[in-house]
Structures are given as structure tokens and as C-alpha cells.
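For reference, the chains in residue letters:
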Amino acid sequence: MSRKVRKEGYPSTRSELLGALHTKQYDEGWLSQDGLKAVSDDLNVPAAAVKGVATFYHMYHNEPMGRNVIQICTNVACMIMGAESLVDLLKKEYGLEPGGTTDDKRFTLVIMECIGACGTAPAMLVNDDFHENLDEKNIIEILNGYK
Amino acid sequence: MITVTINEKDIELEKPVTILEAARQGGITIPTLCYFEGLEKFGGCRLCLVEVEKLPKLQTACTVMVTDGMVVRTETDTIVKARRAMLEFLLINHPLDCPYCDKAGECDLQDLVALYGPDSGRFAEGKRQHPESFDDPIIVRNMERCVNCKRCVRMCEGVQGDSAITVTGRGSHSFIEPFSGGRYDCEYCGNCLTVCPVGAIMSRLHRHSYRPWFVEKEIESLCGFCGVGCSMVLQMRENTILRTIPRMDLGINKGLLCAKGRFGYDLVESSKRLTAPLVRKNGKLVPVSWDEALGTVAEKLGDIKGMNGGGLIAGIASARCTNEANYVFQRFFRETLLSNNIDSIARSFYIPAQNYLEGIFGQGVTANLISGIGNSDAVVIAGGDPTKINPVLGLQIRAAARKGARVISLSDSEGLKRFGSSQLISSAGSENILYGAVVRMLMEGSDVPGKNKALDEALQKLDAPKDKDVESRTGVSVADIGKAVDELKSAKNVSIVLGPDVLLRDGMRGLFLMASMIYLTDARVYLLSERPNEQGLADVGCLPDTLAGGRPVELSSFREKYEQEMGYAVPEKAGMGLFEMVEAMEKGSIKAAYVMGDNPVFNMPSSHRVRNAFKALEFLVVQDAFMTETAQMADVVLPAAIWSEKDGTFVNLERRIQRLHKAKNSVGGLEDWKIIVKIAGLMGSKMSFGSAKEIWEEICKASHLYGSLSYEDLESDKALWPYKGEPLRSGEAAVEVPEDHGTAPEVVVYADRSLFHSGSFSRYSAALNSIQSEPYAMMHSDLAGRIGVKDGDKVRITSGNSSLELVSMINDEIRDGSLRVPNVFEGVCVMSLIDYEPDDSSAINVQRTSGLKVEKA
Amino acid sequence: MDTFLLKNINTPGSADISVYKKSGGYKSLKKALKMKPEDIIDEVKRAGLRGRGGAGFPTGMKWDFASRDKNFPKYLLCNADEGEPGTFKDRPILEKDPHLLIEGMAISAHALQAEQGYIYLRAEYPAAKKILEDAIDQAYEDGILGEGIMGSKTNFDLAVHRGAGAYICGEETALIESIEGKRGQPRLKPPFPVNVGAWGKPTIVNNVETLSNLPLIIEIGADAYSKIGNPDCPGPKLYSVSGFVNKPGVYELPMGTSLKDIIYDHCGGIKNGGNLKAVIPGGISTPILPPDKIDCQMDFVSLPKCGSMLGSGAVMVFDESVCLVKVAARAMYFFEHESCGKCTPCREGTGWLRNILERIENGLGRRGDVELILEVASNISGKTFCPLGDGAAGMVLSFIKHFSDEFDEHIENKKCSVN
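Nothing here was measured: the structure is a model prediction, and the numbers come from that model.

What counts, and where the lines are drawn
- Residues numbered from 1 in each chain as written.
- Chains lettered and ligands numbered in written order.
- Predicted model: local features only at pLDDT ≥ 70, side-chain atom pairs only at ≥ 80, totals over all residues.
- Heavy atoms only, no water.
- Pairing = 2+ DSSP bridges.
- Helix = DSSP H or I, 4+ residues; strand = E, 2+ residues; numbered from the N terminus.
- Disulfide = S-S within 2.5 Å.
- Buried < 20%, exposed > 50% of the residue type's maximum accessible area, 1.4 Å probe, protein only.
- Contact = heavy atoms within 4.5 Å.
- Buried area = accessible area lost by both parts, 1.4 Å probe.
- Salt bridge = Lys/Arg side-chain N within 4 Å of Asp/Glu carboxyl O.
- Polar contact = N/O pair within 3.5 Å; in protein donor to acceptor, adjacent residues only side chain to side chain.
- Nonpolar A, V, L, I, M, F, W, Y, C, P; charged D, E, K, R; others polar.
- Arc of directions from axis to C-beta.
- Patch = residues over 30% accessible without salt bridge, like charges linked within 9 Å, V, L, I, M, F, W, Y side chains within 5 Å.
- Areas by Shrake-Rupley, 256 points an atom, 1.4 Å probe, with all protein chains shown as cover.
- Axes fitted to C-alpha atoms, helices over the stretch in contact; angles between N-to-C directions.
- Left-handed = near helix turned anticlockwise from the far one by under 90°.
- Domains from an automatic or database assignment.
- Core = buried A, V, L, I, M, F, W, Y, C linked by side-chain atoms within 4.5 Å.
- Parallel < 35°, antiparallel > 145°, perpendicular 65-115°, else oblique.

So, the pairing of strand β14 (residues 284-287) of chain B
Residues and elements named next belong to chain B.
Turning to step 1, where the next piece is worked out: As paired strands, strand β13 (residues 278-281) and β14 are joined by four bridges and run antiparallel to one another. When the bridges of β14 are listed, Arg280 appears paired with Leu285.
Turning to step 2, where the next piece is worked out: Hairpin connection between β13 and β14: a loop of two residues separates the two successive antiparallel strands, and Asn282 in this loop has a positive phi of roughly 50°.

Points about the state of the cysteines
Turning to step 1, where the next piece is worked out: Considering all chains together, one arrives at one disulfide over all chains under this definition.
Turning to step 2, where the next piece is worked out: What pairs with Cys296 of chain C in a disulfide is Cys306 of chain C, and their sulfur atoms sit 2.2 Å apart. Classification of the bridge connecting Cys296 of chain C and Cys306 of chain C rests on its S-S torsion, roughly 95°, and on that basis the disulfide is right-handed. Taken as a pair, Cys296 of chain C in the loop between β7 (276-280) and α12 (302-305) and Cys306 of chain C in the loop between α12 and β8 (314-319) lie far apart in primary sequence, 10 residues in all. Here Cys296 of chain C and Cys306 of chain C have matching classes, each one buried.
Turning to step 3, where the next piece is worked out: Free of any disulfide, Cys101 of chain B has its nearest cysteine sulfur in Cys107 of chain B, 6.4 Å distant.
Turning to step 4, where the next piece is worked out: The class for Cys101 of chain B is buried, based on a relative accessible area of 7%.

Considering the interface of chain C and chain A
Interfaces are frequently sized by the accessible area removed from exposure as the parts join.
Turning to step 1, where the next piece is worked out: Contacts between chain C and chain A engage 63 residues on the former and 44 residues on the latter.
Turning to step 2, where the next piece is worked out: Buried surface at the junction of chain C and chain A, summed over both partners, amounts to about 4200 Å²; 58% is from carbon and sulfur atoms.
Turning to step 3, where the next piece is worked out: It is Ala164, Arg183 and Arg330 of chain C that lose the most area in chain C upon contact with chain A, and together they represent 15% of the buried surface on that side.
Turning to step 4, where the next piece is worked out: For Arg330 of chain C, the salt bridge goes to Glu113 of chain A, with nearest N and O atoms at 3.1 Å.
Turning to step 5, where the next piece is worked out: Applying the counting criterion to the chain C and chain A interface returns 19 residue pairs in polar contact (both at pLDDT 80 or more).
Turning to step 6, where the next piece is worked out: Elements with a contribution of two residues or more to the side of chain C that touches chain A: β2 (116-121), α7 (126-141), β3 (157-162), α8 (172-179), β5 (236-243), β8 and α13 (324-338) of chain C.
Turning to step 7, where the next piece is worked out: When residues in the side of chain C that touches chain A are grouped by element, the largest group, eight residues, is from α13 of chain C.
Turning to step 8, where the next piece is worked out: The class makeup of the residues in the side of chain C that touches chain A is 32 nonpolar, 14 polar and 17 charged.

A few points about helix α3 (residues 108-116) of chain B
All names here are of chain B.
Turning to step 1, where the next piece is worked out: All of the buried residues in α3 are Leu109, Leu112 and Val113. All buried residues of α3 project into a common sector of 100° when viewed along the axis, lining one side. Across from the buried face of α3, at angles greater than 90 degrees, the exposed residues are Ala114 and Leu115.
Turning to step 2, where the next piece is worked out: In this structure, the buried residues of α3 make contact with α2 (77-92).

Points about a nonpolar patch on the surface
Turning to step 1, where the next piece is worked out: On the surface, Phe57, Met61 and Phe65 of chain C cluster together into a nonpolar patch covering about 270 Å² of accessible area.
Turning to step 2, where the next piece is worked out: Relative to the helices and strands, Phe65 of chain C is located in helix α4 (residues 59-68).

Some details on the packing of α2 of chain B against helix α14 (residues 344-361) of chain C
Turning to step 1, where the next piece is worked out: For the pair α2 of chain B and α14 of chain C, interaxial distance at closest approach is 9 Å and the crossing angle is 60°. With respect to the hand of their crossing, α2 of chain B and α14 of chain C are arranged in left-handed fashion. In this structure, α2 of chain B contributes Met86, Glu88, Phe89, Leu90 and Ile92 of chain B to the contact, and α14 of chain C contributes Thr344, Pro345, Arg347, Glu348, Gly349 and Trp352 of chain C.
Turning to step 2, where the next piece is worked out: Classifying every residue of the contact of α2 of chain B with α14 of chain C by side-chain character gives six nonpolar, two polar and three charged.

Some words on the domain arrangement of chain C
Residues and elements named next belong to chain C.
Turning to step 1, where the next piece is worked out: Domain parsing of chain C yields domain 1 (17-227), domain 2 (233-319) and domain 3 (324-413).
Turning to step 2, where the next piece is worked out: Inter-centroid distance (C-alpha atoms) of domain 1 to domain 3 is 35 Å.
Turning to step 3, where the next piece is worked out: Each partner contributes residues to the interface: domain 1 has 12 residues there, and domain 3 has 10 residues.
Turning to step 4, where the next piece is worked out: Carbon and sulfur atoms supply 74% of the area that domain 1 and domain 3 bury against each other, a total of about 820 Å² over both sides.
Turning to step 5, where the next piece is worked out: Counting across the interface, domain 1 meets domain 3 through zero salt bridges.

Observations regarding the nonpolar core
Turning to step 1, where the next piece is worked out: One finds Leu410 of chain B together with Phe318 of chain C to be the most contacted residues of the largest nonpolar core, which totals 312 residues.
Turning to step 2, where the next piece is worked out: Residues within four places of Leu410 of chain B in sequence aside, it is in contact with Val380, Ile381, Ala382, Leu424, Leu434, Tyr435, Val438, Met514, Met517 and Arg815 of chain B.
Turning to step 3, where the next piece is worked out: Core analysis: the second largest hydrophobic core is formed by 68 residues, Ala298, Ile304, Ile657 and Tyr711 of chain B among them.

Some thoughts on the sheet that holds strand β25 (residues 619-624) of chain B
All names here are of chain B.
Turning to step 1, where the next piece is worked out: Across the sheet, seven strands lie side by side as β14-β13-β26-β25-β24-β15-β16; this open sheet has mixed pairing. One side of each edge strand has no neighbouring strand; the edge strands of this open sheet are β14 and β16 (342-343).
Turning to step 2, where the next piece is worked out: Strand direction decides the pairing type here: strand β15 (residues 313-316) and strand β24 (residues 592-596), joined by four bridges, are parallel. By the bridge assignment, Ile313 is partnered in β24 with Ala592.
Turning to step 3, where the next piece is worked out: Here helix α7 (residues 290-308) sits on the sheet in contact with β13, β15, β24, β25 and β26 (636-639), set at roughly 130° to β26.

Here's the deal with the interface of chain B and chain C
Turning to step 1, where the next piece is worked out: Opposite the 34 residues of chain B that make contact, chain C presents 33 residues.
Turning to step 2, where the next piece is worked out: Considering only the surface of chain B that becomes buried against chain C, Phe89, Arg122 and Arg170 of chain B emerge as the three largest contributors, covering 26% of it.
Turning to step 3, where the next piece is worked out: Counting the contacts that link chain B with chain C gives four salt bridges.
Turning to step 4, where the next piece is worked out: Linking Glu125 of chain B and Arg359 of chain C is a salt bridge whose minimum nitrogen-to-oxygen distance equals 2.3 Å.

Focus: the domain arrangement of chain B
Residue and element names in this part refer to chain B.
Turning to step 1, where the next piece is worked out: Segmentation of chain B into domains returns domain 1 (2-75), domain 2 (99-268), domain 3 (278-344 + 542-719), domain 4 (350-527) and domain 5 (748-856).
Turning to step 2, where the next piece is worked out: Domain 2 and domain 5 are separated by 34 Å when their C-alpha centres are compared.
Turning to step 3, where the next piece is worked out: On the domain 5 side, the residues contacting the 14 residues of domain 2 number 14 residues.
Turning to step 4, where the next piece is worked out: Both faces considered, domain 2 and domain 5 share a buried interface measuring about 1100 Å² in area, 70% of it formed by carbon and sulfur atoms.
Turning to step 5, where the next piece is worked out: Looking only at domain 2, the three residues that lose the most surface to domain 5 are Phe225, Lys260 and Leu267, adding up to 42% of its buried area.
Turning to step 6, where the next piece is worked out: Here domain 2 and domain 5 share zero salt bridges between them.
Turning to step 7, where the next piece is worked out: Inspection of the domain 2/domain 5 interface yields seven residue pairs in polar contact (both at pLDDT 80 or more).
Turning to step 8, where the next piece is worked out: Across the side of domain 2 that touches domain 5, the residue classes break down as nine nonpolar, one polar and four charged.

Structural notes on the packing of α2 of chain B against helix α15 (residues 369-380) of chain C
Axes are the key here: two packed helices are described by the angle between their axes and the distance separating the axes.
Turning to step 1, where the next piece is worked out: Remark: α2 of chain B packs on α15 of chain C, axes separated minimally by 10 Å, with the N-to-C direction vectors making an angle of 105°. Here α15 of chain C runs roughly perpendicular to α2 of chain B, going by the angle between their axes. Here Lys81, Ala85, Met86 and Phe89 of chain B of α2 of chain B come into contact with α15 of chain C, specifically with Glu375, Val376, Ser378, Asn379 and Ile380 of chain C.
Turning to step 2, where the next piece is worked out: Within the contact of α2 of chain B with α15 of chain C, the residues separate by chemical class into five nonpolar, two polar and two charged.

Here is the structure:
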């Protein structure tokens, strides 16, 4: 988790906001209204401003997530290497729609923009783990490892 | 000198400004949308794009500063095309529901499209859908219409300092939202309504009730709620106020208002307005004609005056009434009733505090411009939250803090939570220990300033609390106080803002310590003022011992000169102050009272005692717009007009005299002065006025303070203290060190001065009630824990024979041991829990409540 | 050529400080700490180093501006938010050779007299976060960070600041907003970050690759450095190559290597023996090029002459199986998704363009759509608050410039003509 900056830290506590939201999300799986309020109170940053930040950045989740978050890139490099068919496969295999969560809360599917794995496309992040050179076979094997 | 050429026209400028400002100075129009004067620069809408020679890209006129020799073009083909393109973009997701939208007619986007926009759009896909939000009682949000100019957010964050709204999401899915996404949890200043250029953020209060072009006239007047005296424009159709709005160039508020000012005007139209005079017959108040009511008053007051002179009659004037009304009121009392028993509820704080400070520092010491606070490098707050009592003044403190000023709070000031550098909040009731510690530390290491002998001597005698006592009694660490004091010592431009609670428990001791702080830091002082005309009330002589212009009634030379100049006699002996009146009522030495525009049985401490005193009266007249608790006890009730129905003047807390302009006829009440002139006439007075203006001219004759300011002069800066340069009396008073009244009880009750109410007066505003309609008992979670209640549980507060049951509201921003209850709502009179006793040295009330009990109900 | 930036990445344990030091790591820092700050800045200027983030601004000049500002403290921010689609060139350094970056930052900090640095790391690189933080820990333990680094009088503290998923934060003022805990929307310039940046103080923002060049410049000197690659913008360059080549990946080559050499020599040519249809040379924001332009040299000076830009040096190679309308539509979806919403043309225009492109791809295109795209894109171009909108407009304009037939065919045939 985001550790406090060394020595003097940030020159303003407001700068801790992104890290505090990551921590809150790590602890609770997503950023609920209560979670945002708690961060606001901790840092003395207006609650509305906290929400503005939490909804600006794509990797903060403002809705409850499944236990495992599949973040699959469909940007150009991954798309031309077949990412779309993987998304279709996830729908077939798990009934997952982009943005959706399986009924058993095992997976949530998030469509990502470029995750910097274009040379090893298609690629995804499951939680914090990178998986590259995906195909219709290995993606299911990989996901089998996430319960 | 900078010369810039815009559209081949040379414009000379004193200092660098933006291209937009330069163009405006040169009379050249550049269309804008996201630009709003006074808000942080943004440059987002791209409508003000212009060509600047030597720069390859188009530039936004609202952000780029001119340089000498710059050549700008604003109407080239490229620009015209770019503008049209921006408007076409803006309309992609805009619903074009103008026929249905309340903003149509005053919508910036509509106007811009008409002037510069394309004939038709080429966007063929579906527009963004986002349902209109009706979650809030006051503000409707329609995010389909939003153009993302962020003016509202910049206003809310950067000017109001509330930071209650934000942009959520991003890109074309950016929406303006409060934290909840629905109802606002904000100060309801409504300044976002002012700046929204389209129909995205609208007032729900007049939704679909009118169109901008229905406005027949606009009346510039003043807000009637507090002592800041904000200017506002009343938009009228026939006899109805459609809306009140601020104007950017008007008054001291420059476009800002608070919740009360913006939304509270509706109480004028309340169905609870009194519409006919009432006279008590067989124990019941029944409607009668004006002639009968006024005749009854004249006859009864005449009878009582006949018994033993006017000394048997008390008059309570009002800081909600104009100078003109108050002047006539005191003249009626002095000339016709032969009574100097004239006072007001301003006796609770504003008048004694000002008296005391003027005694030490000279007349006019509190006459400081509110805008000066914004330029201070340190601000000290004591005795109340300025952002609630005088919200627009509070904004100046926030502005100062934003510029780096140290803001040191010595009392609960929730509204400055994010702006204060030091919050030194003593435990309830121990304020004067904290003040004493500050004063002592300010003196440490330096000699007394030597500018005021009496104060120097008093300070040397001060028995200031010791460090260990300070910590144990106030709960504030001495190190924190020391840090704040060091900041104060290093500041060069200090403002001290004092609120009513300075006196509440500590009486003169608190005030003495504040005077010492002012002295030691060479500060400007501001007295918070809960009502619009506390200063004017004093200026025109609604005081038992002082005539208009501050002339002591008991000094024969002053009195005689006054009589000579004014042509009427005044009684020699000073009259009774507010609290003495109550005692006299109890003893029977006051038999009749005339209350104009106030509600003393609700608004005075020891309200049960006050109620009983009023009950003992033989005759009570109440002149008011509503059937208040006091009016319900009256023998005659005379319906009065409210400020939007009046002409006249108010004097604000900076002693600025401002004009009130009548916008509409009253639904049933008469202007206060007219009622009194009529009664006086029935009792044989020759007093006769045809208009408020004529009264003003007489006030100027009576008060050397105002010199000969005409109503016309008041529209200019001549209305600022010291007006026409009259010499000021210097301070000469002897200064005593008032005694320390010892330890505080465990729990102290304070009247909570809500941002959304203004005493019992605002309870008649449906709009303000929609924001806050229920009473509460606010307390710290520690106190709640001790008595075993959770947020929302009922608590019972008991003091003597009085008891209130209220819903608890837990708020850790307020000090432990304090209970804050609004003195607003019918049947919930917090003043019934607060007792008073006259302070040693002055007729002020000091809360000495002990044995207050709070428990779970 | 010898690799410098990537020389360690295949060494086992390359992220460890001892491994880094074994290959000569931190010697340049030691040398730099003995130099006067202004001499380092001068060296960087003479070396001709240009920013590797995309804009190619001369680094020495930026530093010079910053060092002239006498307001302290100053902050050094490393832009490790590589979000430009197609770009993954910084990832090997961040994940495999973090000490190279730390050394580069420490040298820069000494030159700039900035005592606090932050690495703004994109949230999409969770592994890099841990690796960087571990490396920073090691550097502290070794006296390379902190007070009096390597026994000198220079202090430098360094920390990782994690982003949260916003392409726009690669723009330096948006990055600064983000590090201040705000929504990452670009700020007005002027004032420029070198004068009023993070927390109102002079701030220097440099890309990972830029900073990683510093040890080399100090080691070999400006003269030798300026002889690497194109003398107009010298130095080694990381090219990240993706798409239909046989060996995609990150390549360190002299600045100015031709596209053709990159694709056919280094990356082994087009995958499965296919034919080259088009190439995007510098990430999705840079104009696409047809095959007849592949002789163009990949550097800041040459590519504009060929109608594109170096950008981040992210080469995306398309063979004939790729539908470029589809690519354009997906790319525009990206710009719409990442538009921060601050300015009108980008916020509204990217979505509009995406709508038109998608309907063409889906066989619902109308006559006049190509002209409409051209008009809408030119209404965005040059009128936005920051370069994001320009990138979006430039992208689609270049697709139509070189491949308008493909768009026309889609509209004419009412279906995708490629697949």
C-alpha cells in the first residue's frame, strides 16, 4: 500500500488524497460514500472534492467490485491482437459484461485503456498481476487461478 | 504605459490586464462563457479565442495577458468560424429545451448562439442523458444543460469557500454534484445560481413560476437579515417579488449573498402575515379597524401617562426597523409620552460592547470596512462564528486565510474549520481564562504600549491565569496558545472579530480582555451584528440615556441644545435599560409597554421571567408583521410592513449608512413610522412627516453625527464613517479590571446562530424552513457519550422550572460541554434555559446558569 | 550500438543495487556531485538532450529556466505515467533497472538544487511500484538518497506517487495537479511549472527515459553523447514496437534510426510474412504513415518532415488484415474516454468523432461523413486547452489523409471492407 513519503512527506496533506483513496479501496474493495467521507475527515479535504477526485481517475472503483478485478486492455495494440474476442469469451464463459460482476462476486470485468503491454498483447491485469500474450486458451487457465 | 492594438484600434493601459479586459476597456466585445469576473481564471470554454500576431495558435482572451505592442484580432474569419464551432460543440449535448427552461431569456448560451452560433447543428447521434435532480428543496440540477464552465465550482470553492460541489466523472460525463449526488449539504448561499450561465443549476423556489421577461421593475435595496447590509435587487411583477438577486457591481457584497438574503425574502408573502389590527376583547384578540386600534392605543397610553407621567411606559425599539422608524419611535416616547425608557434587544451585546470599546478607544473604533478583513495578516475570532452570524463578512475572513493570513479562533467557528490556522477552543464557559492567557502572553516580553494610560494601568493589575490553571480549566494547551500568540505578535495588520457570546458568560471581563487584545495587537475591531440596524438604532437615540447623535440626555447643556434645535422637550432623567424595564414591570413601576418589531418574551434570556413581567403589564402594544409570542400577549397588535415594503435607511456594522428602497406595498401592515406618527397625532403631538425622507432630514438635524447627509449622498461613499468628517470623541473612560467569575458549570447552553435562520423572525420563511425546519440540541460526541445518547436521540434539557425536549445532533466541531440550540422555532425557546443577572458594572446580561441538566429523554 | 539504457535489464537481479553497482552504477552520480550544478546544466545543454516524453523540449533549456528561478524549495518530478497507447518503453527501466532512474534523478536534483523528488507512477504498473520503492529503500540505506548523498552536501529525498488511471496526467501540469491531490486537469500556462509548479514552487517534470540518460551524459560527456544518433537531437532512444512484427518489444537504438530498419532489421519484419499497411511512429497521438514513408528517420527533426511526429517513439505496425477505420474508431474512443472535460472542443468533439467513426465502421456511414470528420477535427485542432485534443484531431486527420479510400469504401459498401 502507498507508504507515507519519506522525511517531510508532501508539502500539503491534500497530496495524500490519491494514496489515501488507494488504501481505502484496497481495504474495502471499492470507494463507498462512507469510505469517501472517512478519507475526507482524515485529511480535512472537503468531501465533495474527494468525490471529484475519486470519480476522475479510472482505477478508482465507485461501485462494489467482485473479489477479483479483471482489467483487460482493448486499446489499439491489444485490439488488433484479438482482445475483443477475449472480452467475448469472458461473456460466454462467465456471463461477464464490461463493467459487470459475476453473480458469485468472483469477477468484475473492467475495460482498460493502454496498460503498457503492447509488445506482449493482448494483456490484462487481474488485481495487481500482469498477464500478457493472452489467447483464448491461456486466459481461462489464468483466471482459474483466481477464486 | 502599455499599448495594445485590438482590431486596428490602439488601447492604452496603465497596467497589464488580460486581452479580454483590454478589449472591454476599448469598447470591443469578445464573447465569453466560462469567464466570470472575480473567479479564478479558467480558459475552458474556448469562446473567447482570438488571434494574436506572432503566436501560431489562437489564444483565449480571458487568460492571456497583454504585452506592449501586442496586436490582436477578434473578428477574423478564423475566429468567427472557431466561435461557431465551439457553440456547435456546446450544443451537442445540450438539450435545446429552451421553451421549457426557466433560464431562457437570460441564458448566456442562448444569447451566444443567437449572436454567433451556427444555424443548425450537424450532430446526429443521441445526446447525453442525465435525469434532472430534484433531491434538494432549493436547488434543481439539470446536468444535461451543463456546459462544464465550472463557474459554480470555482465560486463555491474559491469565493464562498464552502467546497460543497465538485465536478464528478470526466470528459463529456463530467457532472456538477454535491457530495451526496442528491441533496446539498452546503451553506445554501446560492452563489452558484448567480454564476450558472445556463439552466443547469436553478432555484427550485420559483421553478416555472415566471419568465425573466415578466420582470417589470428591479428595485435596488438591502437585505434585512443581518448587520452586514448586503445590497440586492428585488425583481418585481406588480406587487410580487419574483426573486431577489445580488448584482456584481452593487454594494459591499459585490454579487454575493447568504442563504437568508437570497431565499428568505419569501417571508414577506407568508400566509402568517398579520393583515389587520387586533384588539383584545373579552380576553381574545379580534380584528378591528385601524382607527379603533390606534384610538385604543392612544387612549390607553394617555391614561397611563396621566397616572404618573411617562415613566410608567417602556418602549422596545427594534434593530429590524429603519432609522426613520426608530427615530420617530423615540421622539414619540420622549416628546409625547415623556419617557426616556427606550431600549432594544441590541442591549444584549452590540450596544454595550460598542459603548465600552468607544469609551476606551474613542468613538468610531468599530467603524471598520468589512473588506479590510480580507487584507489582514491575522484575524482573531471570539464570541461566535462570523460565517454564520454575518456570513458575507465571514467570507472576508476566508479570503484573508486564502491569502495566507493566520486565523485564530477563540470560539467555535465551524465555518472556518478549513481556514483557521489555530483553533483554540476552551471548554464551555471557560472562555475568559483563555482570553486572559492570550492577553498575558501578548504582554510577555514587552512593555505595555503606553498609548492609553488607563488601559496600561489596568493591564498591570490584571490577575491573569497561570499556565497550569489555563490548561486545567480551558483544556487548551499552553503551547498552542503560545504559538497563536507568536503569530499574532508577528502580524502587522490584525483584525479582531467579536460576537455576542463574548458577553454571554463573561460579561465585562470578556470585553475587557478583548479590549486588551485589540490594544496590544493594534487591531481593527469588528462587532458581529445579528440584525440589520443595531448601529442605527443607537445612532438615532433609541437608548435610555442618549439622544440622537450620541448626546447624553442627562447633561443639561446637550439636552437643552437639542431641545432648542429640534423644537421639542425631552425628559431630563435617563430612562431604564432593557433589563431594568423587566424588573420594573415585575415591581409594577412600569405599567405599559410598546414593542416595535421585536419579540422580547422569546428573545430575552430568562424568558419565563420576562413573560411573567409582561403579563403583569396593564397595557401592551406590539407592532409586528407576525403573531409572535410577544404579540400573543398584547392588548393591541398593529400589523407592520417588512423591509421590502419600506423606504428608509439602515446603518451596518461598519457604520455605513445605506438606503432601503420600497419594492412593494405591504399586504396589510403599515410602515412603522406611519403608525407611530398617527398615534402621536391622536395624543396631541405635532409631529408630522410625509415620507421617510422627511424623517431622515430631521434625523440629520438631531444627529450631528450624520451632519447633513441627504438621501442622495447616501448613494455615494459619503455614507461611510466618519461621514462628512465630523471630529471624533477620543476615549477617556477609566478602565477597571472586572472580576473573574470563577469556574464554569459542566454544561453551558448557547443559542445556536444558524446560517439558515435569523432568530424567531425567519421561522416564517418557507424557503429557509425547507433547509432547516426542526430544532435540535447540538453537542460534542463526548458530552453525548456521557449522557448516553446517539445522534438523533431525544434529550431533555432542564434548567429550573424550564425544560425542553430536543433531538440531539452530534457535532465534534463544537466544544465539549456546550449545548447549542437554535432560538428560532415556535415552542422551543432556548432563552428559557438561560438565566441572566445584571453584570457588576453595566446593565448587560450575563449567563449565570447553574444546575443545567441534560439527559436522555 | 552498445546499449546503455537497457544494458542491465537482462542481468539477473538487475533491480538490486549491488548488481547495478557492479555494472558501474552510481559512478556518474559520484562524478556529478563533484560538479557544480550550473556545469551539469551546461553539459546537458551541450549534449543536446531532448525530452523523451513526447514533446522533445530541450532538457537543458528547461533546467536553465528552472535554475534561474531563485524561489526554493524546488521539486523534481519524474513523469512515469506513460499512457500513450503503444508506449511501453519506460516499463523495462521501471521494472528492471530502477537504480538507473534513481541515479538519473539524483544527478538532476543536484543540478537543479531540488531536494525533493517524486516519481509519478501510473497505477497500471503495480509491479513497478514495489520495485521502485524497494530500490529507493536500498538507495537510502546506501546513502544515495537522503541527507548528504554519497557524502556530498547535496540532499535529495525521493518517493513514489501513484497515479490512479488518467492518461491526461502525462501532461505535466495535469500531473502536478494530480500530485497535489486534485483532479488531473491541465493548468493555465504561464506561469510555467519551472516557476510555479507543484505546491506553487519551481518544479521540473522530466520523463523516465530523459532522466535515465543523465548517467550516460555524465559518464561519457556531452561531446561523446552528442555524437550518438542524429546530431540535431542526439542520444540513444527507446523505441517500443507493437503490432504485426515478428519481434515486438522495446529497442534501444540511436536516435534517428529509420522506421524501415526498426521494422525489418530489428523486429524481424512483418508477422507471418504479411504486407505492411500502415505504421504509427510515435504512439496513437502521432499521425499515421503509409508504407512509402518508412524510410523516414525516427527522431524529433525528421518525422515532422514526413508528416508525423516522434512522440514517445511507440511504433505500431499494421498489416493488411487491419481495418484502419476500426483502429481510428477505437483510438477516438480512447481520446473521448481520456478527455479531462475541461475544454469544449476536446470534451465534445472527441465523442462526436467517435460516433461518426463507429457508424462508418458499423456500415451506417453516410455520404459526407468523411468531410464532416475533417471539419470537426479541424475545429478541435489548435483550439484545445492542452495537446490531448490536438492529438485526437491529428490522428483522425492523418488516417483520412492517407487512407480515405478505406473510409469511402466503408460508407459506399455499408460494411467494413477489410474484415
